[in-house]
Number of protein chains: 8
Amino acid sequence: MNVLPKGEKLKMSKILVGIVMGSDSDLPVMRAASDVLEELGIPCEVVISSAHRVPDKTAAYARTAVERGLAVIIAGAGQAAHLAGVIAAHTPLPVIGVPLQSGPLSGVDALYATVQMPSGIPVATVAINGAKNAGILAAQIIGATDSAVRDRVTAFKDKLARQVTEKDALLNELGIDGYLERSRK
Amino acid sequence: MNVLPKGEKLKMSKILVGIVMGSDSDLPVMRAASDVLEELGIPCEVVISSAHRVPDKTAAYARTAVERGLAVIIAGAGQAAHLAGVIAAHTPLPVIGVPLQSGPLSGVDALYATVQMPSGIPVATVAINGAKNAGILAAQIIGATDSAVRDRVTAFKDKLARQVTEKDALLNELGIDGYLERSRK
Amino acid sequence: MNVLPKGEKLKMSKILVGIVMGSDSDLPVMRAASDVLEELGIPCEVVISSAHRVPDKTAAYARTAVERGLAVIIAGAGQAAHLAGVIAAHTPLPVIGVPLQSGPLSGVDALYATVQMPSGIPVATVAINGAKNAGILAAQIIGATDSAVRDRVTAFKDKLARQVTEKDALLNELGIDGYLERSRK
Amino acid sequence: MNVLPKGEKLKMSKILVGIVMGSDSDLPVMRAASDVLEELGIPCEVVISSAHRVPDKTAAYARTAVERGLAVIIAGAGQAAHLAGVIAAHTPLPVIGVPLQSGPLSGVDALYATVQMPSGIPVATVAINGAKNAGILAAQIIGATDSAVRDRVTAFKDKLARQVTEKDALLNELGIDGYLERSRK
Amino acid sequence: MNVLPKGEKLKMSKILVGIVMGSDSDLPVMRAASDVLEELGIPCEVVISSAHRVPDKTAAYARTAVERGLAVIIAGAGQAAHLAGVIAAHTPLPVIGVPLQSGPLSGVDALYATVQMPSGIPVATVAINGAKNAGILAAQIIGATDSAVRDRVTAFKDKLARQVTEKDALLNELGIDGYLERSRK
Amino acid sequence: MNVLPKGEKLKMSKILVGIVMGSDSDLPVMRAASDVLEELGIPCEVVISSAHRVPDKTAAYARTAVERGLAVIIAGAGQAAHLAGVIAAHTPLPVIGVPLQSGPLSGVDALYATVQMPSGIPVATVAINGAKNAGILAAQIIGATDSAVRDRVTAFKDKLARQVTEKDALLNELGIDGYLERSRK
Amino acid sequence: MNVLPKGEKLKMSKILVGIVMGSDSDLPVMRAASDVLEELGIPCEVVISSAHRVPDKTAAYARTAVERGLAVIIAGAGQAAHLAGVIAAHTPLPVIGVPLQSGPLSGVDALYATVQMPSGIPVATVAINGAKNAGILAAQIIGATDSAVRDRVTAFKDKLARQVTEKDALLNELGIDGYLERSRK
Amino acid sequence: MNVLPKGEKLKMSKILVGIVMGSDSDLPVMRAASDVLEELGIPCEVVISSAHRVPDKTAAYARTAVERGLAVIIAGAGQAAHLAGVIAAHTPLPVIGVPLQSGPLSGVDALYATVQMPSGIPVATVAINGAKNAGILAAQIIGATDSAVRDRVTAFKDKLARQVTEKDALLNELGIDGYLERSRK
């Protein structure tokens, strides 16, 4: 399914980022990637496709990504997380891997299975459950050569900085007890 | 390449086990699998094929395994070891995964990437660098329904047991210092 | 106790797979193995037997497995999980080990104690708590030389693939919010 | 220092990738990044700058990267590897982190310190010591919107695939012993 | 915000310890540092400042710490916890790092990212979530050359010792069941 | 406090085992040691004493253990668990260490801090939270030279074996669903 | 084979400690146990017996240990180290487990497989490769009820203490450079 | 033994820092602490004392540290590294712990045993084998209230910064090959 940025702020109309996940149980975590891309004005599509259960569909998705106009693919999977690596095997596009926290090993298995790629086939790995950062990184990659997108990334980071400053000011005003009480509400 | 048991003791002439490894640098470890299968009288073939560098060749190998008469596939890979899982995605045959010790994580990454497969697509994982055990396990799998092969597995295990007993007797005879001196020769 | 596939679809009447667990507290996880074997039409038996508390019973179970007609044994245990290894020591049959998540180490102890078997005595290890995959692997092992069982494994994997495709189609239709709302119901 | 691709195959004359490392002891590993970028025809610069010893120089490098025309920054560091994260804090460009294997923890510390970035500031992490893959990933990022570079990435991956196929053919021809003997020469 | 010890027992009126945390979500854990400093009669200030979101503010805070009269800085952060290291890069004062337990790795990532500092820039690391001990350590550092503060540390430790002795006496009096019942109230 | 076996079955009247824990929060786990010793008819005492908060009391306890007639000391502690090692430093008696699961590292820290003792000063370490096994091990140690106690250990193990056998029989009778339903009651 | 203390200092003539190892490759490490027992005047026997290769021999050894007069059994094994647990399953005697450093996981697998024993069957685990401490612990266990042995343990520990004191004095005399130079000789 | 800064640059004549290690085998690593303190003009003493082999000597050393004028104690130990914690239990002074890399766990055991101290008794932990940083941290602690020492720390850090800048300039001049060739000389 496609996730399109709202209203006028979008200049691009082409899907630029593909977000693939191995199971629909990954959707609550992985949606943070499409949410932040929507906020940054970058159209994306969200796909469920497993490296192990539908390997041919997954390979075909990766192989046709360039001709369909994608610039980046984000892949999220848990446990023996092969999804990002399998996609990277089939495309020259940059692939971002999101190791997901599932099962008894808390995502360490997914981290190792995603990041420790052999020479020749890199996967740009973010933190365990770091779907939001995967979305930001996809925007940064597009922004590497597109200054309009890069400016939106800069604005996004400025907003994060302001939030930290405002919280520090609020703590100064309310004190620890007051701040924590307000947070609990 | 094919590895055929020597001489008359072989009743089977068909390749039953495929041994795949991701890189030729895995050959010194993985050859223990074909060596033990040769000893157990089970013909096998040894193939270099990478899940990431030649994904289509790897998928094709797995997809045609049944029609070519294979009964078991052994796959050895290091780091983010996707090879066994990718093969298992393309065949109903049992797939044995050998996590290889390579790189800074000493094979823990390969172990997790091999054993922590999602529901539906198992990989029968052996110890890190356990290529010999992968060969024995392949023989046990064939022996599950072939009593002649099973008898050879039993004889193989009896030989291992005798070796332990003989070493204990030798230790009794030589004492610790004598035994260690003899080992050093 | 025996678990027999329902109704007419079963051609075999002999127990082919033994499922052993170290404690009755493992039953809620381990029953996934007998459930999937029942679905795949393969008769199995479920046994509680501990490597440490009733070692002789466990050894006898393994030693008599061939003569009772078993083809595969599945063993599930937690912590210092010796059960699969002890059984493998007493039989030439393939033994599948299921490391169970119990206690403070989340099953990493059980994984290492199950998979890192010494040369000569392999255990076919699946994921931590991977009882369902252990059942599927047992079917694949029987299917290595029995094409009827192998066809059932293939059909089972096709069903998994269809489920992924259907979920992706549903996500396309409902969108992320709609899909997640429906999942919560 | 600048690393420029040799001869005529280069269309670009601008430095596009900055490669930063925390210590000159990282140079033997990190040079694989500039080597592969040179091979892929992408000009880059190599800089020694520490997040902890010269924090202001490091921050200034990152802050001026956009205006100097860089598209991607690669940062390699060991132990409590803050370099990639500190650079990412000061630029909207995509930052690739290379955790380096140094010290008693074999790079697990560097991996965690590089990949587990908080929400808002991603680092595209590659494998421990994965400097070559960092270079390839930088090319893929530039190739996300530059089809000439992407074609060079595709050609590079095709070359890797051919190497695997040729090795497998050679193994077929020489057999295991022959192949290993030849490798030792 | 400033946390000043209550009433007359305070001889010092200058803020001596700065407590910095990367996010307001760290406040419930980190307040244990200011609480114990208040109890030990040492004025401190509590600041929210992120190494990645407001890097310049964080650097400025550290760079001006000496001139503002601080003697020690405590920094608490989770995941790829760079905060303490970044602060240590900008000040000659001793910096205490508190790795925080957040995210799937339970603080091991934060521990490694805090303690494994390269040669030249130490961070005095306490236990994961050890904010209270960070406060005590700050007092010990001031007490290294201030015997009045050191005496308060000694008195604090004597109180801890008395509590252990009293609990042991109570256990003697009530027995295990009685003691546990009383604890539950 | 002393825990004495009930009624007539006790021939010994002397406290033989000291059970020390670092904090009263360890009591709910550690009481399993005194419970099983009571069941095995071996008088013990339960003491709260910290290696860090009351080091002199702890050292004195260990130093006087022989003259007070103790034969074994059990020590349970969490995190940087020094208690067992400190006690072992002050007595020639065997010391059993129980690493406790507390804090973010789930007891791995306590396990390493307890078991990895330097040459010369062993600690007999049991599983994380293995207080019951510590009690049984204490009985086994006394039983090493006291056949009456050893017979009680044998009887205890026979009871465990019977329980396994009875559960297996019950599972046979009730089936999986029936057994699990009964367990939930 | 038997290891008997030299000369007159021995009052006991009965073998009291059995030292079992899974492979003769463990002998160079495990001999530290018999060496220290010889020094402490306690007769022992050294046996090679594998839990997996000769399970019946191993079980018989454990089952007959009491009647042959053993007081303690030491078992050393690597990787999935089941040896100590299997022996403990067959005897009421205290069993000391020595996890051995072998293979890619450096003995962590052996540690977990040895120490994380289920409730009812403890193994007294020492450090990885801690064979010398296993011997000392065996002496401490015998010394729990035998004051002559306990006195020898005390004398042994006094010797260790004197060595530390002498080294410190030597360092004082020679200085760091002098001390290190002397050590190199 | 005492280590006094050379020549005139020393204003202090009192030993301010005690450096304790558990074994003389730690001296080659731990001497980096006294070397850097000598360079920073701070007199220190170097002592061999084990928490387990000479516990009373160690406790006495810590208990008398204040009266002997020490301001900071550095303790280095490996494996189950109790030394820093035991010293911290006996003094109100700040204690710096150096986990040492020794044995099969590469110092992770020592790190956990040093840093995970319970509430009330902090140890200021530095990196595994981080003896040099321990010395710098000790100087920073003294410099917290002594501006002359603090200025020397600042000068030391400036020197480190200059070295980084000079290396970067040299790399610029020589190129990668030239730089690496020069390093090898």
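Quantities reported herein were computed from a predicted structural model and do not represent experimental measurements.

Draft legend 1. Representation of the overall build of chain A within the structure. Broken down by element type, chain A carries six helices and six strands. Ordered by position from the N terminus, the helices and strands of chain A form the series β-β-α-β-α-β-α-β-α-β-α-α. Considering chain A as a whole, with its 185 residues, one finds that 67% of them fall into the buried category. Looking at chain A alone, contacts between residues at least 24 apart form 69% of all its contacts between residues at least 6 apart. Here chain A has roughly 6100 Å² of accessible surface; of this, 50% comes from carbon and sulfur atoms. Of the side-chain charges in chain A, 19 are positive and 18 negative, and the distance between the mean point of each set is 2 Å.

Draft legend 2. Examining the relation of the copies chain D and chain B more closely. With an RMSD of 0.0 Å, the operation that places chain D on chain B is a rotation of 90° combined with a shift of 0.1 Å along the axis. Between the two chains, the operation in question is that of a four-fold axis.

Draft legend 3. View of the interface of chain D and chain B. If you look at the interface, chain D gives 17 residues, while chain B gives 17 residues. Summed over both partners, the interface of chain D with chain B comes to about 1600 Å²; 70% of that surface belongs to carbon and sulfur atoms. If you look at where chain D meets chain B, you find three salt bridges. Measuring nitrogen to oxygen at the nearest pair gives 2.9 Å for the salt bridge that ties aspartate 168 of chain D to lysine 57 of chain B. The interface formed by chain D and chain B includes six residue pairs in polar contact (both at pLDDT 80 or more).

Draft legend 4. Up close: the packing of helix α4 (residues 108-115) of chain A against helix α4 (residues 108-115) of chain B. At a minimum axis distance of 8 Å, the contact between α4 of chain A and α4 of chain B shows a crossing angle of 105°. Looking at the two axes, α4 of chain A sits roughly perpendicular to α4 of chain B. Residues Val108, Asp109, Tyr112 and Ala113 of chain A of α4 of chain A lie in contact with α4 of chain B, whose contacting residues are Val108, Asp109, Tyr112 and Ala113 of chain B. Considered class by class, the residues forming the contact of α4 of chain A with α4 of chain B number six nonpolar, no polar and two charged.

Draft legend 5. Quick peek at the confidence of the model for chain A. Considering every residue of chain A, the mean pLDDT works out to 94; 96% of them sit at 70 or more. Under the prediction, the complex receives an ipTM of 0.96, its pTM being 0.96.

Draft legend 6. The environment of alanine 139 of chain H, seen in detail. Residues and elements named next belong to chain H. Locating alanine 139 in the fold gives a position in helix α5 (residues 131-143). A residue is classified by how much of its surface remains accessible, and alanine 139, at 0% relative accessible area, is buried. Between the alpha carbons of alanine 139 and isoleucine 42 there is a distance of 7.4 Å; along the sequence they are 97 residues apart. Residues in contact with alanine 139, not counting those within four places in the same chain, are Leu37, Leu40, Ile42, Val149 and Val153.

Draft legend 7. Structural context of the side chain of arginine 150 of chain A. With respect to the helices, strands and loops of the structure, arginine 150 of chain A is situated in helix α6 (residues 147-184). There is no salt bridge for the buried arginine 150 of chain A, and the closest opposite charge comes from aspartate 151 of chain A, which lies 5.2 Å off by N-O distance. If we skip the residues at most four places from it in the chain, arginine 150 of chain A touches Gly143 and Ala144 of chain A together with Val66, Pro92 and Leu93 of chain D.

Draft legend 8. Examining the interface of chain E and chain H more closely. Contacts between chain E and chain H engage 39 residues on the former and 39 residues on the latter. With both chains or domains summed, chain E and chain H bury close to 3200 Å², and 61% of this area falls on carbon and sulfur atoms. Per-residue buried area on chain E facing chain H is highest for Pro92, Pro122 and Lys157 of chain E; these three make up 17% of the total on that side. The interface formed by chain E and chain H includes zero salt bridges. On the surface where chain E and chain H come into contact, there are 16 residue pairs in polar contact (both at pLDDT 80 or more). For the side of chain E that touches chain H, the elements supplying multiple residues, two or more each, are α3 (83-89), α4 (108-115), β6 (124-125), α5 (131-143) and α6 (147-184) of chain E. Element by element, the count of residues in the side of chain E that touches chain H is highest for α5 of chain E, at six residues.

Draft legend 9. Spatial organisation of the pairing of strand β2 (residues 17-21) of chain H. All names here are of chain H. Within β2, five of the five residues are buried, which leaves it mostly tucked inside the rest of the structure. Here β2 shows two buried faces, one formed by Val17, Ile19 and Met21 and the other by Gly18 and Val20. As paired elements, β2 and strand β3 (residues 44-48) share five bridges and run parallel to each other. Bridge pairing links valine 17 to cysteine 44 in β3. A crossover links β2 with its parallel partner β3, the connecting element being helix α1 (residues 27-39), and its sense is right-handed. Direction of pairing for β2 relative to strand β4 (residues 72-78): parallel, over a ladder of five bridges. Counted as the bridge partner of isoleucine 19 is isoleucine 74 from β4.

Draft legend 10. Representation of the pairing of strand β3 (residues 44-48) of chain C. All names here are of chain C. Across the five residues of β3, five count as buried, placing the element largely inside the fold. Because side chains alternate across β3, one face comprises the buried residues Cys44, Val46 and Ile48, and the other comprises Glu45 and Val47, equally buried. One ladder, built from two bridges, connects strand β1 (residues 2-3) with β3; its direction is antiparallel. Bridge pairing in β3 links asparagine 2 to glutamate 45.

Draft legend 11. Layout of unusual backbone geometry. Residues and elements named next belong to chain G. Within the chain, glutamine 79 stands out as a residue other than glycine whose phi angle is a positive 50°. Tracing the sequence through the fold places glutamine 79 in the loop between β4 (72-78) and α3 (83-89). According to the relative accessible area criterion, glutamine 79 is buried, its value standing at 17%.

Draft legend 12. The pattern of salt bridges, seen in detail. Scanning the entire structure with this criterion turns up 56 salt bridges over all chains. Of the charged contacts, one joins arginine 31 of chain A and aspartate 35 of chain A as a salt bridge, the two residues approaching to 3.4 Å between their closest N and O atoms. Of the two residues, arginine 31 of chain A and aspartate 35 of chain A both sit in helix α1 (residues 27-39), four residues apart, roughly one turn of that helix. Classification of aspartate 35 of chain A by relative accessible area gives partly exposed; the value is 33%. Between aspartate 177 of chain E and arginine 31 of chain F there is a salt bridge, with its nearest N and O atoms 2.7 Å apart. Of this pair, aspartate 177 of chain E sits in helix α6 while arginine 31 of chain F is found in helix α1 (residues 27-39), placing the two residues in two different chains. Assessed through its relative accessible area of 52%, aspartate 177 of chain E is described here as exposed. Salt bridges linked by common partners bring Arg31 and Asp35 of chain A together with Asp177 of chain C together as one network.

Draft legend 13. Molecular detail of the relation of the copies chain E and chain H. Superposing chain E onto chain H takes a rotation of 180° plus a shift of 0.0 Å along the axis, which leaves an RMSD of 0.0 Å. Such a combination of turn and shift is consistent with a two-fold rotation axis. A share of 100% of interface residues in chain E that are also interface residues in chain H marks the association as one of identical surfaces.

Draft legend 14. Examining the packing of aromatic side chains more closely. According to the stated counting rule, one finds four aromatic pairs over all chains in the structure shown. Here the aromatic rings of tyrosine 112 of chain D and tyrosine 112 of chain E are separated by 6.0 Å at their centres, their planes lie at 10°, and the arrangement is stacked. Pair noted here: tyrosine 112 of chain D is in helix α4 (residues 108-115) and tyrosine 112 of chain E is in helix α4, and the two residues belong to different chains. Exposure class is identical for tyrosine 112 of chain D and tyrosine 112 of chain E. Each is buried. Sitting above the plane of the tyrosine 61 of chain C ring, arginine 68 of chain C keeps its charged end 4.6 Å from the centroid.

Draft legend 15. Structural view of the side chain of threonine 125 of chain E. Along the chain, threonine 125 of chain E turns up in strand β6. A relative accessible area of 0% means that threonine 125 of chain E is categorised as buried. Leave out the neighbours within four places in its chain, and threonine 125 of chain E touches Gly97, Pro99, Leu111, Thr114 and Val115 of chain E together with Val115, Val123, Ala124 and Thr125 of chain H.

Draft legend 16. Seen up close, α5 of chain E. Here α5 of chain E contains 13 residues, and its C-alpha end-to-end distance of 18 Å stays within 8% of the 18 Å for a straight helix at 1.5 Å per residue. For α5 of chain E, a buried count of twelve out of 13 residues is recorded, marking the element as mostly surrounded by other parts of the structure.

Draft legend 17. Spotlight on the packing of α1 of chain F against helix α5 (residues 131-143) of chain F. All names here are of chain F. Packing of α1 against α5 leaves a shortest axis separation of 7 Å and a crossing angle of 35°. Crossing of α1 against α5: the hand is right-handed. Along its contact with α1, which presents Val29, Met30, Ala32, Ala33, Val36 and Leu37, the element α5 presents Ala131, Lys132, Gly135, Ile136, Ala138 and Ala139. Broken down by class, the residue content of the contact of α1 with α5 amounts to ten nonpolar, one polar and one charged.

Draft legend 18. Quick peek at the environment of arginine 152 of chain F. All names here are of chain F. Considering the arrangement of structural elements, one finds arginine 152 in helix α6 (residues 147-184). Its relative accessible area of 26% is what places arginine 152 among the partly exposed residues. On a C-alpha basis, the gap between arginine 152 and valine 20 in space is 24 Å, while along the polypeptide they are 132 residues apart.

Rules and cut-offs
Residues numbered from 1 in each chain as written. Chains lettered and ligands numbered in written order. Predicted model: local features only at pLDDT ≥ 70, side-chain atom pairs only at ≥ 80, totals over all residues. Heavy atoms only, no water. Helix = DSSP H or I, 4+ residues; strand = E, 2+ residues; numbered from the N terminus. Buried < 20%, exposed > 50% of the residue type's maximum accessible area, 1.4 Å probe, protein only. Contact = heavy atoms within 4.5 Å. Areas by Shrake-Rupley, 256 points an atom, 1.4 Å probe, with all protein chains shown as cover. Lys, Arg positive; Asp, Glu negative; His and termini not counted. Charge placed at Lys NZ, Arg CZ, Asp CG, Glu CD. Least-squares fit on C-alpha atoms with pLDDT ≥ 70 in both. Buried area = accessible area lost by both parts, 1.4 Å probe. Salt bridge = Lys/Arg side-chain N within 4 Å of Asp/Glu carboxyl O. Polar contact = N/O pair within 3.5 Å; in protein donor to acceptor, adjacent residues only side chain to side chain. Axes fitted to C-alpha atoms, helices over the stretch in contact; angles between N-to-C directions. Parallel < 35°, antiparallel > 145°, perpendicular 65-115°, else oblique. Nonpolar A, V, L, I, M, F, W, Y, C, P; charged D, E, K, R; others polar. pLDDT = per-residue confidence, 0-100. Pairing = 2+ DSSP bridges. Right-handed = clockwise from strand over helix to strand, strands pointing away. Phe/Tyr/Trp six-rings, centres within 6.5 Å; stacked < 30°, edge-to-face > 60°. Lys NZ or Arg CZ within 6 Å of the ring centre and 35° of its normal. Expected span 1.5 Å × (residues − 1). Left-handed = near helix turned anticlockwise from the far one by under 90°.

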